[in-house]
Amino acid sequence: MKDKLEQLKKAAIDEISKASNSKVIEEIEIKYFGKKSELSDILKSISTLSDDEKREIGPLVNSLKLELNSIIENKKNEILNNEIDLKLKEEYIDPTIDLKNEKVGHMHPTSQLRYKLEDIFRSMGFMVYDGPEIETDFFNFEALNIPKNHPARDMQDTFYTKDDTVLRTQTSSCQVRALREFGAPIKAVIPGRVFRNEASDATHEHNFNQIECIVVDENISIANLISTIDMFIKKIFGEGVKIRLRPGYFPFVEPGFELDISCLVCGGKKCPACKHTGWLELGGTGMVHPNVLKAADIDSSVYSAFAFGFGIDRMMMQKYKVEDLRWSMSGDLRFINQF
Ligand code: PHE
């Protein structure tokens, strides 16, 4: 038994001294101290020895255990310190380096505008609500008074997915979500990405951003709608910009309007960004249809509401005078670096 212990000690010390990284030392620890180790077998077998043997071997095994343990701990510390030193050397940073000439990235103009819009609406007491881009048919259409087989579904070329879900075609999909979650009264904006199976041109992409707004309270009127829109449009584009409402059809509002702003890219002189009309359509708006409030369990005899959904990309084009939306997602640094 004594020889066996001596051999074990030699072999262990030899292996420990050769260990070069923490993974190896861990393996050695398991090999010599683990449940299935020789040392553990020896410890277990002590109970089968005679009393005399126990008296002799017991302390030997214990002191071997202690000795190996301290050798292994020392080695572990040594390895750890070496590894830390190496890491510090490899990942060395000099905080005094002058970074003036280094290129750092910045937010895409559409994101810049999105955050600006969020700030403006927050300052007016609105909550900023978020919802899923993969949406159920119910929230994208049915809750918005667009039943299955309704011709209004053709107004938007939808990307259908499996299981009765769609890539949301409009942030209006969050109207009933927000209303169900928070009830009335509520003032919320919902910025986010929407998807439509459309060919891209100067003002269209298959993947773009909208900001939805929904306001529900007693006595909400078209006057509230117009003043809210006028206020935020002026905050974004300046006092000079004009807005105009035209009658428009959306099943979830009644009455419904299309909202245009005077084109800032050409100042009304007509250009590709305004399709040569001097006006640019930002999106739709109107007084929320009672059926939508009903889908959210809100009593339309007590509450009325307005909503709008405008394209953030189109606002970005106006704000930064971008003539063609396709630049926006081109990834071309000559475009991005201008903002
Ligand atoms: N969701 C409509 C669209 O994307 C816009 C809209 C929103 C119209 C809210 C009315 C009210 O075309």
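Quick notes on the rules
Residues numbered from 1 in each chain as written. Predicted model: local features only at pLDDT ≥ 70, side-chain atom pairs only at ≥ 80, totals over all residues. Heavy atoms only, no water. Core = buried A, V, L, I, M, F, W, Y, C linked by side-chain atoms within 4.5 Å. Buried < 20%, exposed > 50% of the residue type's maximum accessible area, 1.4 Å probe, protein only. Helix = DSSP H or I, 4+ residues; strand = E, 2+ residues; numbered from the N terminus. Contact = heavy atoms within 4.5 Å. Near = heavy atom within 4 Å. Polar contact = N/O pair within 3.5 Å; in protein donor to acceptor, adjacent residues only side chain to side chain. Areas by Shrake-Rupley, 256 points an atom, 1.4 Å probe, with all protein chains shown as cover. 1 Å grid on protein atoms, 1.4 Å probe; cavity = no way out; pocket = protein on both sides within 12 Å on 5 of 7 lines; lining within 4 Å. Sits in = over half its atoms within 2 Å of the grid points. Nonpolar A, V, L, I, M, F, W, Y, C, P; charged D, E, K, R; others polar. Points joined across faces, edges and corners; volume = space filled by probe spheres on them. Axes fitted to C-alpha atoms, helices over the stretch in contact; angles between N-to-C directions. Parallel < 35°, antiparallel > 145°, perpendicular 65-115°, else oblique.

A. Seen up close, the nonpolar core. Among the nonpolar cores identified, the biggest contains 40 residues, and Leu 117, Phe 121, Phe 232, Phe 310 and Met 315 are the most heavily contacted of them. Looking at this core, the elements with two or more residues in it are α5 (109-123), β5 (207-217), α8 (222-237), β7 (253-262), β8 (279-288), β9 (304-311), α10 (312-319) and α11 (333-336). With six residues, the single largest contributor to this core is α8. Residues contacting Phe 310, with those up to four places away along its chain left out, are Asn 209, Gln 210, Ile 211, Ile 229, Phe 232, Leu 259, Leu 282, Gly 283, Gly 284 and Met 315. Ile 146, Ile 186, Val 253 and Ala 296 belong to the second largest nonpolar core, which has 28 residues in total.

B. Geometry of the site of the ligand. Around the ligand, the surrounding shell holds 15 residues, and the nearest of these are Gln 170, Ser 172, Arg 196, Gln 210 and Gly 309. Gln 170 places a side-chain nitrogen or oxygen 2.7 Å from a nitrogen atom of the ligand. Arg 196 has a polar side-chain atom sitting 2.8 Å from an oxygen atom of the ligand. Protein contacts shield 94% of the accessible area of the ligand, which totals 320 Å² for the unbound molecule. In this structure, the ligand is accommodated by the largest pocket. Looking at the shell around the ligand, the elements that each hand over two or more residues are β5, β8 and β9. Broken down by element, the shell around the ligand gets its largest block of residues, three residues, from β9. The residue inventory of the shell around the ligand, partitioned by class, reads five nonpolar, eight polar and two charged.

C. Molecular detail of the layout of surface pockets. Size it by volume and the largest pocket reaches roughly 850 Å³. Lining the largest pocket we find 48 residues, and of these Arg 196, Glu 258, Glu 281, Gly 283 and Arg 314 sit closest to its centre. Counting only elements with at least two residues in the lining of the largest pocket, the list comes to β5, β6 (243-247), β7, β8, β9 and α10. Considering only residue class, the lining of the largest pocket consists of 19 nonpolar, 16 polar and 13 charged. Volume-wise, the second largest pocket comes out at about 190 Å³. Contributing to the lining of the second largest pocket are 13 residues, with His 108, Thr 110, Arg 193, Asn 209 and Asp 313 lying nearest its centre. Considered class by class, the residues forming the lining of the second largest pocket number three nonpolar, six polar and four charged.

D. Up close: the packing of helix α1 (residues 2-18) against helix α4 (residues 51-90). Their axes nearest at 11 Å, the elements α1 and α4 cross at an angle of 0°. On the basis of the axis angle, α1 is roughly parallel to α4. Contacts from Lys 2, Leu 5, Leu 8, Lys 9, Ala 12, Ile 13, Ile 16 and Ser 17 of α1 reach α4 at Glu 56, Ile 57, Leu 60, Val 61, Leu 64, Glu 67, Leu 68, Ile 71, Ile 72 and Lys 75. Here the contact of α1 with α4 is built from residues that sort into 12 nonpolar, one polar and five charged.

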